[in-house]
Amino acid sequence: MKRMYGTIVILLLVLTYAFFQESNPKKMDKNRTPIVGILQLTDHPALNEIHKGIINGLKESGYIPNKNIKIDFQNAEGDQSNLQTMSTKFANENVDAAIGIATPAAQSLANTIKNAPIVLGAITDPQKAGLVDSNQHPGRNVTGVSDLLPLQPNLDLIKASVPHLKNLGIIYTSSDNSSTTQYQMFKKLCKQNHINLKAYTIANSNDLNQVSQQMLQKVDAVFVPVDNTIASSIQTLIANANAKNIPVFPGSDTMVKAGGVATYTVDQYGMGVQTGKITAGILKGQIDPKNTPIDFTKHPKLVINLQQIRKLGIHLPENIIEEAKHKGVIYK
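The written sequence of each chain sets the order in which its residues are numbered from 1. In keeping with the model being predicted, local features are shown solely for residues with a pLDDT of at least 70 and side-chain atom pairs are shown and tallied solely at 80 or more, while totals for entire chains, interfaces and linings include all residues. For the side-chain quantities, the full set of heavy atoms in the structure was used; hydrogens and water were omitted.

Focus: the packing of helix α7 (residues 208-216) against helix α9 (residues 234-243)
Right, so step 1: What counts as an axis is a line fitted to C-alpha atoms, over the stretch in contact for a helix, and the angles between N-to-C directions run from 0 to 180 degrees. Under the DSSP-based scheme used, a helix requires at least four consecutive residues in state H or I and a strand at least two consecutive residues in state E, with every element numbered from the N terminus. Between α7 and α9, the shortest axis-to-axis distance is 9 Å and the interhelical angle comes to 30 degrees. With respect to α9, the element α7 is oriented roughly parallel. Crossing hand, α7 versus α9: right-handed. Here Leu208, Asn209, Ser212, Gln213, Met215 and Leu216 of α7 lie close against α9, whose contacting residues are Thr236, Leu237, Asn240 and Ala241. Throughout this description, any angle smaller than 35 degrees is read as roughly parallel, any larger than 145 degrees as roughly antiparallel, any in the 65 to 115 degree range as roughly perpendicular, and the remainder as oblique. Left-handed describes a crossing whose near helix is turned anticlockwise from the far helix through less than a right angle; right-handed describes the clockwise counterpart. The contact criterion used is simple: two residues touch if any of their non-hydrogen atoms lie within 4.5 Å.

Structure follows, in structure tokens:
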């Protein structure tokens with residue numbers, strides 16, 4: 001009987017050890033070249049800038065690809081099944097850290113990888129996306145950077161650019177957690193500022209042409225949050241808006257460059273650099289994901305498209321143009 005009890009105790013100890021080995025991020029082997037998996041939702045200029053920044057953030061922290069770190073970069077091309085397959089690939093090769101660029105990529109990694117740190121590259125609200133217990137105290141093997149837009153400055157920018165504003169349209173992808181979060185926040189903000197907001201949603205990029213044409217019959221200007229689906233088809237929205245002489249205020253600098261009017265945005269490349277540096281800190285044992293708050297950008301940059309402003313006959317206040325000249329970006 002005593003022998004049986006002893007066997008049970010040993011078995012429980014072994015199972016307990018195995019559980020904690022599985023549920024806790026592994027420690028780095030200093031004699032092994034670390035492997036970092038980067039999973040990107042799709043190919044798009046904004047996301048590509050984040051990826052570029054990640055690589056340079058790692059380099060600035062002493063990790064040089066193909067020298068003292070291995071980078072496994074995977075692009076899911078917007079396919080959910082690819083996200084799952086690629087996340088499983090990272091888990092099977094025992095990556096030392098995995099980086100998710102855009103919310104669906106990060107969610108796929110978090111659902112698949114349990115024994116390695118996960119770093120979020122530009123996730124609007126990680127808590128609402130179910131990636132962390134809270135943005136201040138992640139409590140899991142997950143931390144990273146948020147691309148939450150500075151919404152009040154953008155609303156002020158729209159009001160200054162369109163003095164006759166009566167109806168403001170917003171269009172976003174209904175299945176995009178980041179976009180829906182921004183919509184809910186912007187809706188509350190518009191109500192506080194007595195702006196009539198008309199919301200329109202799409203399920204995928206195929207809907208954008210028809211839905212945007214419906215919207216443009218009823219609004220004086222359009223706001224687009226950070227939305228990967230719309231960003232990939234922004235030219236469709238811009239073409240339809242130009243035909244109606246209606247300005248579009250998008251959430252990213254790449255969408256402004258493509259024909260948007262202006263935005264206060266977070267710097268995609270800068271977010272990528274910060275993501276890379278956080279990853280490096282984790283690899284060096286200097287950062288513990290579960291105790292590291294999500295990094296929210298505090299200094300947005302103003303980006304304006306002068307060619308589009310002239311095309312639409314918009315008169316931006318001189319102080320806004322001066323701010324873009326000295327602290328932001330002007331596309332001519």
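Considering the pattern of salt bridges
Pairs may arise between side chains of opposite charge once their charged atoms sit close together.
Right, so step 1: Criterion for a salt bridge: a side-chain nitrogen of Lys or Arg within 4 Å of a carboxyl oxygen of Asp or Glu. One pass over the structure, following the stated rule, counts 9 salt bridges.
Right, so step 2: The salt bridge involving Lys277 is made with Glu60; its shortest N-O contact spans 3.1 Å. In this pair, Lys277 sits in helix α11 (residues 268-283) while Glu60 sits in helix α2 (residues 45-60), placing the two residues 217 residues apart along the sequence.
Right, so step 3: Each of Asp72, Lys89 and Glu93 takes part in one network of salt bridges that share partners.

With respect to the pairing of strand β2 (residues 70-75)
Right, so step 1: Looking at chain direction, strand β1 (residues 35-40) and β2 are connected through 6 bridges and run parallel. Paired with Gln40 across the bridge in β2 is Asn75.
Right, so step 2: Read from β1 through α2 to β2, the crossover connection turns out right-handed. For two strands to be treated as a pair, DSSP must find at least two bridges joining them. For a crossover, the right-handed case is the one in which the path from the first strand over the helix to the second runs clockwise, viewed with the strands pointing away from the viewer.

Digging into the layout of surface pockets
The gaps of empty space that remain are located by a probe, the size of a water molecule, rolled over the atoms.
Right, so step 1: The calculated volume of the second largest pocket comes to roughly 320 Å³.
Right, so step 2: Broken down by secondary-structure element, the contributors of at least two residues to the lining of the second largest pocket are α3 (80-92), α4 (103-112) and α8 (228-232).
Right, so step 3: Ranked by residue count, the leading element in the lining of the second largest pocket is α4, at 5 residues.
Right, so step 4: Charged residues are taken to be Asp, Glu, Lys and Arg, nonpolar residues to be Ala, Val, Leu, Ile, Met, Phe, Trp, Tyr, Cys and Pro, and polar residues to be all remaining types, Gly included. Classifying every residue of the lining of the second largest pocket gives 4 nonpolar, 12 polar and 3 charged. A pocket here means an open set of points on a 1 Å grid, computed over the protein atoms alone, that has protein on both sides within 12 Å along at least five of seven lines. A cavity is instead a set of points where a 1.4 Å probe fits but cannot get out; residues with an atom within 4 Å of a point line either one. Grid points are joined across faces, edges and corners, and a volume is the space filled by probe spheres set on the points.

Regarding α2
Right, so step 1: An expected span of 1.5 Å times one less than the residue number is assigned to each helix. Its 16 residues give α2 an end-to-end C-alpha distance of 22 Å, which sits within 8% of 22 Å, the value for a rise of 1.5 Å per residue.
Right, so step 2: Buried means the residue's accessible area, taken with a 1.4 Å probe over protein chains only, is under 20% of the maximum for its type, while exposed means over 50%, and partly exposed covers the values in between. Regarding α2, the residues found buried are Ala46, Leu47, Ile50, His51, Gly53, Ile54, Ile55, Gly57 and Leu58.
Right, so step 3: Within two residues after α2, Gly62 carries a phi angle of roughly 100 degrees, on the positive side.

Points about the sheet that holds strand β13 (residues 329-331)
Right, so step 1: Strand order in the open sheet made by the 3 strands is β10-β12-β13, with mixed pairing throughout. The sheet is open, and its two edges are formed by β10 (262-265) and β13, each paired on a single side. In this sheet, adjacent strand axes meet at a mean angle of 15 degrees when their direction is disregarded.
Right, so step 2: Here β10 runs beside strand β12 (residues 301-305); their pairing, made up of 4 bridges, is antiparallel. When the sheet's bridge partners are listed, Thr265 is paired in β12 with Lys301.
Right, so step 3: Against the sheet, helix α13 (residues 318-327) engages β10, β12 and β13, with an angle of about 110 degrees to β12.

Remarks on the sheet that holds strand β7 (residues 196-202)
Right, so step 1: Strand order in this open sheet of 4 strands is β7-β6-β8-β9, and the pairing throughout is parallel. In this open sheet, the two strands that pair with only one neighbour each are β7 and β9 (248-250). If you compare each strand with its neighbour and ignore which way they point, the axes differ by 25 degrees on average.
Right, so step 2: Relative to strand β8 (residues 221-224), strand β6 (residues 167-173) is paired through 3 bridges, and the arrangement is parallel. Within β8, the residue paired with Leu168 across the bridge is Ala221.
Right, so step 3: Along the sheet face, helix α5 (residues 151-161) touches β6, β8 and β9 and points at about 160 degrees away from the line of β8.

What about empty space enclosed by the protein?
Right, so step 1: Throughout the structure, instances matching the rule amount to 1 cavity of 30 Å³ or more.
Right, so step 2: Lining the largest cavity are 19 residues, with Leu47, Asp147, Val226, Asp227 and Asn228 positioned closest to its centre.
Right, so step 3: Listing elements by their share of the lining of the largest cavity, those giving two or more residues are α2, α4, α8 and α11.
Right, so step 4: Ranked by residues supplied to the lining of the largest cavity, first place goes to α2 with 3 residues.
Right, so step 5: Residues that form the lining of the largest cavity fall into these classes: 10 nonpolar, 6 polar and 3 charged.

Overview of the nonpolar core
Right, so step 1: For our purposes a nonpolar core is just a set of buried Ala, Val, Leu, Ile, Met, Phe, Trp, Tyr and Cys residues, chained together by side-chain atoms within 4.5 Å. One finds Ile113, Leu120 and Leu131 to be the most contacted residues of the largest nonpolar core, which totals 45 residues.
Right, so step 2: Counting only elements with at least two residues in this core, the list comes to β1, α2, α3, β3 (97-101), α4, β4 (118-121), β5 (142-146) and α11.
Right, so step 3: Beyond its immediate stretch of four places on either side in the chain, Leu120 contacts Gly100, Ala106, Pro126, Leu131, Val142, Thr143, Gly144, Val145, Thr275 and Ile294.
Right, so step 4: Counting 33 residues, the second largest nonpolar core, distinct from the first, contains Ile158, Leu189, Ile309 and Ile314.

A look at the packing of α3 against α4
Right, so step 1: At a minimum axis separation of 9 Å, α3 and α4 run at an interaxial angle of 45 degrees. With respect to their mutual orientation, α3 and α4 come out oblique. As for how α3 packs across α4, the hand of that crossing is right-handed. Facing Gln80, Leu83, Gln84, Ser87, Thr88, Phe90 and Ala91 of α3, the residues of α4 in contact are Pro104, Ala105, Ser108, Leu109 and Thr112.
Right, so step 2: Class assignment of the residues belonging to the contact of α3 with α4 gives a composition of 6 nonpolar, 6 polar and no charged.

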